[in-house]
Amino acid sequence: MKICIVGAGAIGGYLGAKLASSGAEVTLIARGAHLEAIRAQGLKLIMADGSSQVAMPKLATNSLEEAGAQDVVILTVKAQSLPAIAPSLPALYHPDTIVVTAQNGIPWWYFRQHGGEYEGTRINSVDPDGIVEANIGADRAIGCVIYPAAEIVEPGVIKHIEGDRFTLGEIDGSKSSRIQTLAQVLKQAGFKVPIRNQIRTDIWVKLWGNLAFNPISALTRATLASICQYNLTRELAREMMSEAQAIAEKLGIDFGITLEQRINGAEKVGAHKTSMLQDIEANRATEVDAIVGAVAELGRLTGIPTPHINAIYASVKLLEMNRRDAEDAEEEKRG
């Protein structure tokens, strides 16, 4: 099976390294110093237990055209990057290529093969011009919920922090032969790969906490434990999650756990910086549109008020705008 990882950063690199080590024919799409290091010495993976391995992909490149047709394309770039790269993705396809959408937040395909009154509705927060859908297509798409945590500690070196589960699901709820084959390949690489017939529920359960804790942490620079243990921010998270729960239930989602159980689970993670806080600290664009903005959009669609979500979304968007303005001003000074 020919597998291309588009976005071989922390999670993509973790996936790619283990797949390549298990014998899969892996192409990594990366850039900059990280790409050069992989080309020169392979991709080193340091596991949570301290063990390490060096994987040699079939190809490491920044060119999708050079990669050519693949059996599986796994998109591990962040949601806000998808519209820019989407027009190049067809270079990776043959007629039966499948595309695994491994982004946080509400996916662009959410209302495709969904059924009900919102069937076919585009979520503008994640695919404003329809470019992503036009260049992937619902028939190729397979949903994925990412649970591991990893980081790039230096170019060409990925450190695995915790977790090994990648939940998969066809967007029509079927257990197709193609998804079973993909799950088996991932299992052979050492991952836990449950196949769900309700992948949207899994997406919501993860998103339920992320839509509150990620932006609150980005604004306050606080860890998960701090947010959960400080009464005011815990209550703010609860209000945001309550709004999201009302939307999800209107869309037919049953979380299966209580709101307090979800908050307590986040608290147990401890002094962890969310991915959105890490992006803010590294001056990277955040996933706020897919994680928070899309939920606010679904609130408008379903007629569910989202005052707390709206306020936090606006605050993070302003933070990003001010940061970009400061960077532009600094660039002008440098001439």
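Everything below is about the structure shown above.
Residues numbered from 1 in each chain as written. Predicted model: local features only at pLDDT ≥ 70, side-chain atom pairs only at ≥ 80, totals over all residues. Heavy atoms only, no water.

(A) Representation of the nonpolar core within the structure. Counting 68 residues, the largest nonpolar core has V6, L92, I106, W204, F213 and V295 as the members making the most contacts within it. With 10 residues, helix α7 (residues 199–220) is the single largest residue contributor to this core. In contact with F213, not counting residues within four places along its chain, are L224, I227, C228, A237, M241, I263, A266 and T274. Listed in part, the 41 residues of the second largest apolar core include Y14, V26, L28 and I98. (Core = buried A, V, L, I, M, F, W, Y, C linked by side-chain atoms within 4.5 Å. Buried < 20%, exposed > 50% of the residue type's maximum accessible area, 1.4 Å probe, protein only. Helix = DSSP H or I, 4+ residues; strand = E, 2+ residues; numbered from the N terminus. Contact = heavy atoms within 4.5 Å.)

(B) A look at helix α1 (residues 10–21). With 12 residues, α1 should reach 16 Å at 1.5 Å per residue; the first-to-last C-alpha distance of 17 Å fits that figure. Summarising burial for α1: 10 of the 12 residues are buried, a large majority. I11, G12, G13, Y14, L15, G16, A17, K18, L19 and A20 are the residues of α1 that are buried. Just beyond α1, the residue with positive phi is G23, at close to 110 degrees. (Expected span 1.5 Å × (residues − 1).)

(C) A look at the pattern of salt bridges. Overall, the coordinates contain 12 salt bridges when judged by the stated rule. Salt-bridge contacts for D279 lead to K78; the nearest nitrogen and oxygen are separated by 2.5 Å. Here K78 lies in the loop between β6 (72–75) and α4 (82–85) and D279 lies in helix α11 (residues 275–281), a separation of 201 residues in the sequence. The salt bridge involving E260 is made with R238; its shortest N-O contact spans 2.7 Å. In this pair, E260 sits in helix α10 (residues 259–269) while R238 sits in helix α9 (residues 231–250), placing the two residues 22 residues apart along the sequence. Within this structure, R234, E235, R238, E260 and E267 form a network of salt bridges that share partners. (Salt bridge = Lys/Arg side-chain N within 4 Å of Asp/Glu carboxyl O.)

(D) Just helix α6 (residues 177–188), in detail. Under the 1.5 Å per step criterion, the end-to-end length of α6 is 17 Å for 12 residues, consistent within 8% with the ideal 16 Å. Considered for burial, the residues of α6 that qualify are I179, L182, A183, V185 and L186. For α6, the angular spread of buried residues about the axis comes to 160 degrees, placing them on one side. Opposite the buried face of α6, by more than 90 degrees, sit the exposed residues S177 and Q188. Its buried side turned inward, α6 meets β1 (2–6), α1, β6, β7 (98–101), β8 (141–146) and β11 (166–170). Immediately downstream of α6, the backbone of G190 shows phi near 105 degrees, a positive value. (Arc of directions from axis to C-beta.)

(E) Looking closely at a negative patch on the surface. Residues D325, E327, D328 and E332 make up a contiguous surface patch of negative charge. Structurally, D328 can be placed in helix α13 (residues 307–334). (Patch = residues over 30% accessible without salt bridge, like charges linked within 9 Å, V, L, I, M, F, W, Y side chains within 5 Å. Areas by Shrake-Rupley, 256 points an atom, 1.4 Å probe, with all protein chains shown as cover. Lys, Arg positive; Asp, Glu negative; His and termini not counted. Charge placed at Lys NZ, Arg CZ, Asp CG, Glu CD.)

(F) Seen up close, the environment of A8. Residue position: A8 is located in the loop between β1 and α1. Each C-alpha atom, one on A8 and one on I312, is 30 Å from the other, the two residues being 304 residues apart in sequence. Ignoring sequence-local partners within four residues, the contact set of A8 consists of G13, L28, I29, A30 and H34.

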